[in-house]
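# Examination of the molecular architecture
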Amino acid sequence: MGMRIIGWGTALPEKIVTNADLEKTLDTSDEWIVERSGIHQRHIGDSTAEIAVAAGRNALALAGIAPASIDLMILATTTPDQSIPATSAHVHHELGLGGGAFDVNAACSGFVYSLVMANGLLGSGAKRILVIGAETLSNVTDWSDRKTAILFGDGGGALVLESVPDEGQLLSWDLGLDGSAREILRADHGGFIQMDGREVFKRAVRVLVDSATRALEQAKVRPDQIKLLVPHQANIRIIRAACDRLGIGHERVALVLHRTGNTSSASIPLALVDAIDHDRLEPNDLVLLTGFGAGMTWGSALIRWQDGPSPMPGAGASVDRRTDLDEREDDD
Ligand code: UT7
């Protein structure tokens, strides 16, 4: 038993904050932000539940299934709307889902953790699972701190998964954590994100490459067989360095970082759905999702793409279509 992806959707708050907007309040510049991070703008606003509901609704609509037919919903978020209850309770109610729901906090690796968990549950009785990654990092960002305010944004992405009798689309995975590094990226209750950027950067490249390599080795797949790498969207330089070490060409990377900033557990589904909407995947293509985040957590999942339902007409049409790394380099 395994999983098949039958629907996908995203949501971004309407309000856009550009680098030029940040220049007005911070001692920074568009040039510095683009050169050091690759980010041009980010979306800000709404609650985590509102974003998750919108992304989940879009994914369910595309799958063409009744919300009540969902057995379980997993919400990956590191920015819940409150401590108790889990934000998934609100989302479950608003969407009218069946079965249970819970939150997962594995920081920016949360979506991959949730996907792997969902795959296991689909193999042991669940029929349909909705996995959502949704974040409002703007609520835990100190907008007067130029070291972090330039990086983060809000958004969400979702996949609808169905159980299939064969191996399914998830071929291999790798999840990990080094809790000794928990202090380098943190936010206390009621506080803002504190980050040792350089240390996170250094470790990020290493754990991304190691985790992706383990997932590839498990499935006996070579890097050159990967059609699309979908990395956590944190920093263009981290992504480029990881690609170069893995031997994956920059043109084979899904990228939304330039227009979303770092949206933690929402970043991988946002980038994956963007690639789907831009017809970058064909049946049997191998897709490698790989992320890292606070904890420090990391996670990779190797997927064999299958045709799901056709994207709705116009889906993604308004989006900046320049999605590969080399084109971004031209911009930088
Ligand atoms: O989801 C995981 C979350 N986090 C990450 O993945 C973050 C990983 N780290 C990074 O992305 C990068 O470390 C940053 C983008 C945060 C920073 O880039 P950097 O190239 O590592 O810069 P830096 O921290 O080494 O700072 C270089 C200089 C410093 O000035 P001095 O000491 O050389 O005079 C900073 O004070 O740039 C200065 N600086 C800025 N200047 C203009 C730091 N932030 C800014 C800014 N605008 N926003």
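Rules and cut-offs
- Residues numbered from 1 in each chain as written.
- Predicted model: local features only at pLDDT ≥ 70, side-chain atom pairs only at ≥ 80, totals over all residues.
- Heavy atoms only, no water.
- Pairing = 2+ DSSP bridges.
- Helix = DSSP H or I, 4+ residues; strand = E, 2+ residues; numbered from the N terminus.
- Axes fitted to C-alpha atoms, helices over the stretch in contact; angles between N-to-C directions.
- Contact = heavy atoms within 4.5 Å.
- pLDDT = per-residue confidence, 0-100.
- Near = heavy atom within 4 Å.
- Polar contact = N/O pair within 3.5 Å; in protein donor to acceptor, adjacent residues only side chain to side chain.
- Areas by Shrake-Rupley, 256 points an atom, 1.4 Å probe, with all protein chains shown as cover.
- Right-handed = clockwise from strand over helix to strand, strands pointing away.
- Patch = residues over 30% accessible without salt bridge, like charges linked within 9 Å, V, L, I, M, F, W, Y side chains within 5 Å.
- Salt bridge = Lys/Arg side-chain N within 4 Å of Asp/Glu carboxyl O.
- Lys, Arg positive; Asp, Glu negative; His and termini not counted.
- Charge placed at Lys NZ, Arg CZ, Asp CG, Glu CD.
- Buried < 20%, exposed > 50% of the residue type's maximum accessible area, 1.4 Å probe, protein only.
- Expected span 1.5 Å × (residues − 1).

Pairing between sheet strands relies on hydrogen bonds along the backbone, with the strands arranged either parallel or antiparallel. Across the sheet, which stays open at both edges, the 5 strands sit in the order E1-E7-E6-E4-E5 with mixed pairing between neighbours. On the outer flanks of this sheet lie strand E1 (2-11) and strand E5 (100-104), each paired with one strand and no other. Put simply, the sheet's adjacent strands are angled 20 degrees from each other on average, direction ignored. In the sheet, strand E4 (residues 72-76) pairs with strand E6 (residues 128-136) via 5 bridges, with the strands oriented parallel. Paired with isoleucine 74 across the two strands is valine 131, which belongs to E6. Across the sheet, helix H3 (residues 48-63) is in contact with E1, E4, E6 and strand E7 (154-164); its angle to E1 comes to roughly 125 degrees.

Further remarks concern the confidence of the model for the protein chain. Taken as a whole, the protein chain shows an average pLDDT of 93; of its residues, 92% reach a score of 70 or greater. Contacts for the low-pLDDT stretch residues 310-332, under 50 throughout, to residues beyond four places or in other chains number 51 contacts.

Quick look at the site of the ligand now. Around the ligand lies a shell of 21 residues, among which Thr28, Arg36, Arg198, Asn235 and Asn262 are the nearest. Arginine 198 is positioned with one of its side-chain polar atoms (N or O) 2.5 Å from an oxygen atom of the ligand. For the ligand, whose free accessible area comes to 950 Å², the fraction covered by protein is 76%. Those elements giving two or more residues to the shell around the ligand turn out to be helix H2 (30-37), helix H7 (197-218) and helix H8 (236-246). Here the shell around the ligand gets 4 residues from one element, more than from any other, and that element is H7.

Relative to E5, E4 runs parallel, the two being bridged by 5 bridges. Directly across from alanine 76, in E5, lies its bridge partner valine 104. Viewed along the sheet, the connection from E4 through helix H4 (residues 87-95) into E5 turns out right-handed.

On the surface, Glu14, Asp46, Glu50, Asp81 and Glu94 cluster together into a negatively charged patch. Along the polypeptide, aspartate 81 turns up in the loop between E4 and H4.

With that settled, the discussion passes to the side chain of threonine 290. With respect to the element layout, threonine 290 can be found in strand E12 (residues 286-293). Assessed through its relative accessible area of 2%, threonine 290 is described here as buried. Within the structure, the side chain of threonine 290 is placed 2.9 Å from the side chain of serine 300, a separation counted as a polar contact. Dropping the residues within four chain positions of it, threonine 290 is found in contact with Leu208, Ala212, Leu229, Val230, Pro231, His232, Ile268, Gly299 and Ser300.

Take H7 next. Helix length check: H7, at 22 residues, gives a terminal C-alpha distance of 31 Å against a target of 32 Å (1.5 Å per residue), a fit within 8%. Within H7, burial applies to Glu199, Val200, Ala204, Val205, Val207, Leu208, Val209, Ser211, Ala212, Ala215 and Leu216. Following H7 by one or two positions, lysine 220 has its phi on the positive side, about 55 degrees.

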